[in-house]
Amino acid sequence: HTRYISVTGVQTCALPIYCVEHSTQSFFDSLQEKGISLGTHYRPFSQIFQGGNIALTKLQIPQELKTQNDAYQIHPAILDACFQLLTLTAPEVKEALLPAAIRRMTKCDYHGGDLWCYAQLISKEDDPVSSLLGNIYLVGEQGEIFLAIEELRMVALAEDIKEELQKLAAKSHN
């Protein structure tokens, strides 16, 4: 049983009315300002649209990641990029947010072709730390759902943990 999202309809009709196209570079710059540095493989977006509680991007998967796909059901670079897309639905959140919990994840067969990532914000909280709850869907050109991540919780890191992670990241880049 295949589930569908009307990506084509959203792309051709709703996006010009409800969504604003964002510069991919400014999106990644905003992540950098929050302390999230994504390497070139973690930037597979060719276009980004956002309006209200949704964000949508067409994925342009680098050839190097395509050749590594056999090792993964979904490449971590693609998954992380989709997690970060959810943060675009709450631009007022200034902290770095990382995935903390997923209620349900469903994966279906992927038969190639272009992929879109659709992120939908369900709720946002600021007490005691910033967090987002949302859904993420990876969908094919015809709207078929390849991956559904439902009730993903993204949370801000405490400053001391963030500093330790930055130190570890700096060491790994050397």
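Look above for the structure.
This is a predicted model, so every value here is computed, not measured.

## What to know about the overall build of the protein
Along the backbone of the protein there are five helices and seven strands. Every one of the 174 residues in the protein was classed for burial, and the buried ones make up 40%. Residue pairs at least 24 apart in sequence account for 66% of intrachain contacts in the protein once pairs closer than 6 positions are excluded. With an accessible surface of roughly 9,800 Å², the protein has 50% of that area assigned to carbon and sulfur atoms.

## Quick notes on the sheet that holds strand S6 (residues 131–140)
If you walk across this open sheet you meet the seven strands as S1-S2-S3-S5-S6-S7-S4, and the pairing is antiparallel. Pairing within the sheet leaves two strands with one partner each, and these edge strands are strand S1 (20–22) and strand S4 (97–107). If you compare each strand with its neighbour and ignore which way they point, the axes differ by 25° on average. Two elements, S1 and strand S2 (residues 45–51), share three bridges in a ladder whose sense is antiparallel. Bridge assignment links glutamate 21 to a residue of S2, and that residue is phenylalanine 49. The strands touched by helix H2 (residues 24–33) are S1 and S2; relative to S2, the strand with the most contacts, the crossing angle is about 75°. Along the sheet, helix H4 (residues 76–87) makes contact with S2, strand S3 (54–59), S4, strand S5 (115–125), S6 and strand S7 (145–156), crossing S7 at roughly 60°.

## A short note on the pattern of salt bridges
Within the structure shown, the criterion is met by four salt bridges. The residue glutamate 151 makes a salt bridge to arginine 103 at a minimum N-O spacing of 3.9 Å. Taken together, the positions of glutamate 151 in strand S7 and arginine 103 in strand S4 put the pair 48 residues apart, joining distant regions of the chain. With a relative accessible area of 61%, arginine 103 lands in the exposed category. Salt bridges sharing partners connect three or more residues here, namely Glu92, Lys124 and Asp126.

## Overview of a nonpolar patch on the surface
Residues Ile161, Leu165 and Leu168 make up a contiguous nonpolar surface patch of about 270 Å² in total accessible area. Along the chain, isoleucine 161 turns up in helix H5 (residues 159–173). The partly exposed category is assigned to isoleucine 161, whose relative accessible area is 43%.

## A short note on H2
All of the buried residues along H2 are Phe27, Phe28 and Leu31. Around the axis of H2, the buried residues are gathered within 90° of arc, so they sit on the same side. Close packing links the buried residues of H2 with S2 and H4. One or two positions beyond H2, positive phi appears at glycine 35, with a value near 95°.

## Description of the environment of glycine 35
Examined against the element boundaries, glycine 35 turns out to sit in the loop between H2 and S2. Classification of glycine 35 by relative accessible area gives partly exposed; the value is 39%. Separated by 60 residues in the primary sequence, glycine 35 and glutamate 95 have C-alpha atoms spaced 8.2 Å apart.

## A closer look at a negative patch on the surface
Taken together, Glu95, Glu159, Asp160 and Glu163 make up a surface patch of like negative charges. Looking at the secondary structure, you find glutamate 95 in the loop between H4 and S4.

## Concerning the pairing of S7
In terms of residue burial, S7 counts as a mostly covered element, since nine of its twelve residues are buried. Alignment of S4 against S7, held across nine bridges, turns out to be antiparallel. Each residue of the ladder has a partner; that of arginine 104, found in S7, is glutamate 150. Where S6 meets S7, eight bridges bridge the pair, whose relative direction is antiparallel. When the bridges of S7 are listed, tyrosine 137 appears paired with alanine 148. Linkage of S6 to S7, two consecutive antiparallel strands, is achieved through a turn of four residues, within which glycine 143 is found at a positive phi near 95°.

Calculation criteria
- Residues numbered from 1 in each chain as written.
- Predicted model: local features only at pLDDT ≥ 70, side-chain atom pairs only at ≥ 80, totals over all residues.
- Heavy atoms only, no water.
- Helix = DSSP H or I, 4+ residues; strand = E, 2+ residues; numbered from the N terminus.
- Buried < 20%, exposed > 50% of the residue type's maximum accessible area, 1.4 Å probe, protein only.
- Contact = heavy atoms within 4.5 Å.
- Areas by Shrake-Rupley, 256 points an atom, 1.4 Å probe, with all protein chains shown as cover.
- Pairing = 2+ DSSP bridges.
- Axes fitted to C-alpha atoms, helices over the stretch in contact; angles between N-to-C directions.
- Salt bridge = Lys/Arg side-chain N within 4 Å of Asp/Glu carboxyl O.
- Patch = residues over 30% accessible without salt bridge, like charges linked within 9 Å, V, L, I, M, F, W, Y side chains within 5 Å.
- Arc of directions from axis to C-beta.
- Lys, Arg positive; Asp, Glu negative; His and termini not counted.
- Charge placed at Lys NZ, Arg CZ, Asp CG, Glu CD.

Keep in mind these values describe shape, not function.
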